Amino acid sequence: MLKKTLKSLVLATALASTAGMAVAADITLRATANSNENDEDYDGLVVFKNYIENASNGAIAVEIFMGTQLCAKPDECMAGVADGSIDLYISTSGGAAGLFPYVQVLDLPYLMSDDRVAEEVLTGDFTRMLRKMALADSGDSIRLMTIGNTGGWRNYANTKKRISAPGDLAGMKMRTVPADLPQTLATTLGAAPTPIPWPELFTSLQTGVVEGTANGITDIMSMKFTDAGIKYLTLDGHSYMGAFWWMNNARFNGLTDDQKRVVLDGFAALQQATFASPKRKEIQAYADFRAAGGEIYVPSADEKAAFKAAVAPVFDWFKANVKNGPEVLDAFMAAASAAEAKIAEERAADMN
């Protein structure tokens, strides 16, 4: 009896081992984001991982590395994607501007009116155009997979006063990323641009090295910037906080067509998750901002028009100084205009 039981256990173990081998991943994708698990980037990666692993029946696994486990700075991370040591990476436009300066087009202010328009633009041919440009400029090494969202819309937040007109920014020390366009935008409005790495922003606000920043409410509250002195928030929504998801191109092209479809559909699911995440998280974030003593100001239509007029020189700068600037700006504006028209038509149809 004991011998029979032991034989059964050995057989069961062998079968379990064989089953484990059958579902073992043939491919493992290493994905990283320089943020934390409270961020929209993580929400997107979790959805991506779940979809990929289920849709591939376990043949493709996704390992998620948050923070600086694989790389610490955008240029380092992008280099990792290029050389294949990192399969997937998410950057802001500023983080990719060193390689692909034209992606800063998303930072140009007041070109898209709301989430619905932005989501229509970023699920269409404009993203495909940027993909072709990035592949050409990276020697076919870095592939743009999709553009999602990482924090909603950029709004002006500061420690000093309410911002209701362009002149209110005059002389204010505004944190920017090192990319040229955000610095040019700040200068155009009379502010003093001060490039500060994201991990150092809390201390910089706390010590007065900078007095303001342009971020979404979820980032402001997840980083507890109210504890560093941020008190005033103006909801001008001047630019959409696009999240650029990059993949090593050789890694993608090494997949079978079926595997490519799974990965593409996984990125579509990731994109939708990052579109939705800030909308949900900002509800509590705005409540927490007010509870911390923060003041939220919504500009009138006339005030917003004044901001838009004040930043007009930035568009001329972009066209004159950014590689492929005129081409990319024209395509972006055309996509936004088409999205506005499509949504207006759909809205009218739904009212009947």
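Below you will find a few notes about this structure. This structure is a prediction, so every number in the text was calculated from the model and none was measured.

Before going further, it helps to spend a moment on the overall build of the protein chain. Across its full length, the protein chain holds 14 helices and 9 strands. Overall size of the protein chain, expressed as C-alpha extent along the three principal axes, is 90 × 50 × 45 Å. Here the protein chain holds 352 residues, and the buried ones make up 50% of them. As displayed, the protein chain offers around 16100 Å² of accessible surface, 54% of which is attributable to carbon and sulfur atoms. Between the mean site of the 32 positive side-chain charges and the mean site of the 42 negative ones, the protein chain shows a separation of 5 Å.

A few words on helix H5 (residues 115-122). Those residues of H5 not exposed but buried are Val117, Ala118, Glu119, Val121 and Leu122. Taking the backbone nitrogen of arginine 116 as reference, a side-chain oxygen 3.2 Å away marks aspartate 114 as the first, capping residue of H5.

By size, the foremost hydrophobic cluster in this structure holds 58 residues, and its most contacted members are Val121 and Trp246. For this core, the elements supplying multiple residues, two or more each, are helix H3 (74-83), H5, helix H6 (125-137), strand S4 (142-158), helix H7 (180-188), strand S8 (232-248), helix H13 (312-321) and helix H14 (325-351). Looking at which element gives the most residues to this core, the answer is H14, with 7 residues. Discounting chain neighbours no more than four positions away, the residues touching valine 121 are Met112, Phe126, Thr127, Phe332, Ala335, Ala336 and Ala339. Formed by 22 residues, the second largest nonpolar core is a distinct cluster that contains Ala31, Ala243, Trp245 and Met247.

Consecutive side chains of a regular strand alternate in pointing toward one face of the sheet and then the other. Of the strand pairs in this sheet, strand S5 (residues 173-176) and strand S6 (residues 192-195) are connected by 4 bridges, and their pairing is parallel. Paired with methionine 174 across the bridge in S6 is proline 193. Between the parallel elements S5 and S6, the chain passes through H7 in a crossover that is right-handed.

Attention now moves to the pattern of salt bridges. What the rule picks out here adds up to 10 salt bridges. Between aspartate 43 and lysine 281 there is a salt bridge, with its nearest N and O atoms 2.8 Å apart. Placement of the pair is aspartate 43 in helix H2 (residues 40-55) and lysine 281 in helix H11 (residues 257-291), with a sequence separation of 238 residues. The exposure class of lysine 281 is buried, given its relative accessible area of 19%. Glutamate 119 is paired through a salt bridge with lysine 279; the nearest N and O atoms lie 2.6 Å apart. Of this pair, glutamate 119 sits in helix H5 while lysine 279 sits in helix H11, and the two are 160 residues apart along the sequence.

With that settled, the discussion passes to the packing of H2 against H11. Where H2 meets H11, the axes come as close as 8 Å, and the angle between the chain directions of the two elements is 150°. Here H2 runs over H11; the crossing is right-handed. A class-by-class count of the residues in the contact of H2 with H11 yields 13 nonpolar, 4 polar and 5 charged.

Moving on: the packing of aromatic side chains. To describe a pair of aromatic rings, you give the distance between the ring centres and the angle between the ring planes. Tallied over the entire structure, the rule returns 8 aromatic pairs. A centroid spacing of 6.3 Å and a plane angle of 35° characterise the contact between phenylalanine 100 and tyrosine 102, whose relative ring orientation is tilted. Accessibility assignment for this pair places phenylalanine 100 and tyrosine 102 in one class, buried. A ring pair is formed by tyrosine 156 and phenylalanine 307, whose centres lie 6.5 Å apart and whose planes are at 25°; its orientation type is stacked. A residue pair is termed long-range when its members are at least 10 positions apart, and tyrosine 156 in strand S4 and phenylalanine 307 in helix H12 (residues 301-310) qualify at 151 residues.

Here the focus is the state of the cysteines. For the coordinates displayed, the defined rule picks out 1 disulfide. A disulfide bridge connects cysteine 71 with cysteine 77, and the sulfur atoms are separated by 2.0 Å. On the sign convention where negative means left-handed, the S-S torsion of about 105° between cysteine 71 and cysteine 77 marks this disulfide as right-handed. When its relative accessible area of 1% is taken as the criterion, cysteine 71 is described as buried.

This part takes up the environment of threonine 92. Its location among the elements puts threonine 92 in the loop between strand S3 (88-91) and helix H4 (93-96). Along the primary structure threonine 92 and glycine 242 are separated by 150 residues, whereas in three dimensions their C-alpha atoms are 6.2 Å apart. With near-sequence residues (within four places) excluded, threonine 92 lies in contact with Thr150, Gly242 and Phe244.

Side chains Gly212 and Ala214 of strand S7 (residues 212-215) all project onto a buried face; the interleaved residues Thr213 and Asn215 project onto the opposite face, where all are buried too. Relative to S7, S4 is paired through 4 bridges, and the arrangement is antiparallel. Bridging across to S7, tyrosine 156 finds its partner in alanine 214.

About the criteria used
- Residues numbered from 1 in each chain as written.
- Predicted model: local features only at pLDDT ≥ 70, side-chain atom pairs only at ≥ 80, totals over all residues.
- Heavy atoms only, no water.
- Helix = DSSP H or I, 4+ residues; strand = E, 2+ residues; numbered from the N terminus.
- Buried < 20%, exposed > 50% of the residue type's maximum accessible area, 1.4 Å probe, protein only.
- Areas by Shrake-Rupley, 256 points an atom, 1.4 Å probe, with all protein chains shown as cover.
- Lys, Arg positive; Asp, Glu negative; His and termini not counted.
- Charge placed at Lys NZ, Arg CZ, Asp CG, Glu CD.
- Polar contact = N/O pair within 3.5 Å; in protein donor to acceptor, adjacent residues only side chain to side chain.
- Core = buried A, V, L, I, M, F, W, Y, C linked by side-chain atoms within 4.5 Å.
- Contact = heavy atoms within 4.5 Å.
- Pairing = 2+ DSSP bridges.
- Right-handed = clockwise from strand over helix to strand, strands pointing away.
- Salt bridge = Lys/Arg side-chain N within 4 Å of Asp/Glu carboxyl O.
- Axes fitted to C-alpha atoms, helices over the stretch in contact; angles between N-to-C directions.
- Left-handed = near helix turned anticlockwise from the far one by under 90°.
- Nonpolar A, V, L, I, M, F, W, Y, C, P; charged D, E, K, R; others polar.
- Phe/Tyr/Trp six-rings, centres within 6.5 Å; stacked < 30°, edge-to-face > 60°.
- Disulfide = S-S within 2.5 Å.

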